[in-house]
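Structural description and commentary
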Amino acid sequence: MNRVEIRYCTQCRWLLRAAWMAQELLSTFEQELDELVLQPDTGGIFDVRANGELVWSRKQQGRFPEITELKQLVRDQIAPERDLGHADRKPAPQS
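The present account deals with the structure reproduced in this document. (Residues numbered from 1 in each chain as written. Predicted model: local features only at pLDDT ≥ 70, side-chain atom pairs only at ≥ 80, totals over all residues. Heavy atoms only, no water.)

1. A look at the packing of helix α1 (residues 15-28) against helix α3 (residues 67-78)
When two helices pack together, their arrangement is given by the angle between the helix axes and the distance between those axes. Test applied: An axis is simply a line fitted to the C-alpha atoms; with a helix, the fit covers only the stretch in contact. Between two such axes, the angle follows the N-to-C directions and lies from 0 to 180 degrees. Numbered from the N terminus, helices here are DSSP runs of H or I no shorter than four residues, and strands are runs of E no shorter than two. Every angle not falling under 35 degrees, over 145, or within 65 to 115 is termed oblique; those three ranges are roughly parallel, roughly antiparallel and roughly perpendicular. Here a crossing is called left-handed whenever its near helix is offset anticlockwise from the far helix by less than a right angle, and right-handed whenever the offset is clockwise. Here a residue-residue contact requires only that any non-hydrogen atoms of the pair lie within 4.5 Å. In the scheme used here, Gly and all other residues not listed as nonpolar or charged are polar, with Ala, Val, Leu, Ile, Met, Phe, Trp, Tyr, Cys and Pro taken as nonpolar and Asp, Glu, Lys and Arg as charged.
Following both chains from N to C, one finds α1 and α3 inclined at 55°, their axes separated by 11 Å at the closest point. With respect to each other, α1 and α3 are oriented oblique. Remark: the crossing between α1 and α3 carries right-handed chirality. Here Trp 20, Met 21, Glu 24, Leu 25 and Thr 28 of α1 lie close against α3, whose contacting residues are Ile 67, Leu 70, Lys 71 and Val 74. Here the residues of the contact of α1 with α3 sort into six nonpolar, one polar and two charged.

2. Observations concerning α1
Worth spelling out the cut-off: What a helix should span is 1.5 Å times the count of its residues minus one. Here's how the labels work: a residue is buried when its accessible area is under 20% of the maximum for its type, exposed when over 50%, partly exposed in between, all with a 1.4 Å probe on protein chains only. By construction, the arc corresponds to the directions joining the helix axis to the C-beta atoms.
Taking 1.5 Å of rise per residue, 14 residues should cover 20 Å, and α1 covers 20 Å from first to last C-alpha, within 8% of that figure. Turning to α1, its buried residues number three or more, namely Ala 18, Met 21, Ala 22, Leu 25 and Thr 28. Projected onto a plane normal to the axis of α1, the buried residues spread over an arc of 130° and lie on a single side. Among the structural elements, β1 (3-9), β2 (35-41), β3 (46-50) and α3 are those in contact with the buried residues of α1.

3. Side note on the side chain of Asn 2
Threshold: By the criterion applied in these results, polar contacts are pairs of N or O atoms within 3.5 Å in which, for protein atoms, one can donate a hydrogen and the other can accept it, and in which residues neighboring in sequence qualify only through two side-chain atoms.
Its location among the elements puts Asn 2 in the segment before β1. On the basis of relative accessible area, Asn 2 is assigned to the buried category, the value being 17%. From its side chain, Asn 2 meets the backbone oxygen of Glu 32 in a polar contact 3.0 Å long. In this structure Asn 2 touches Glu 32, Leu 33, Asp 34, Glu 35, Asn 51 and Ile 78, once residues within four positions along its chain are discounted.

4. Topic: the pairing of strand β4 (residues 53-57)
For clarity, the cut-off: Only when DSSP finds a minimum of two bridges between them are two strands counted as paired.
Summarising the sheet, β3 and β4 pair through four bridges and their orientation is antiparallel. In the strand pairing of β4, Arg 49 is matched with Leu 54. Remark: two residues form the turn of the hairpin made by β3 and β4, two consecutive strands paired antiparallel; Asn 51 in that turn has positive phi of roughly 50°.

From the geometry alone we can't say anything about function, so treat these as descriptive.
Here's what the structure looks like:
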């Protein structure tokens, strides 16, 4: 069973961000995901877990994930063989 959990801070009003990311993940992984959970919390938390593994922590990374990198991290946990198409391409190096 593939499960993604997004724990977000209600004090910071991050529900809309969490819901948008949940929608993106549900759309991308509609065949692979069995469950996606939004978990309200406090203290500036914004963590994403896939099958119990922490794939993103705003406190550790110091920022929110870009949606393409979050999709890649979730994919690596729930469907590593899956090609994400344009979301798999790396941005061109900046000079």
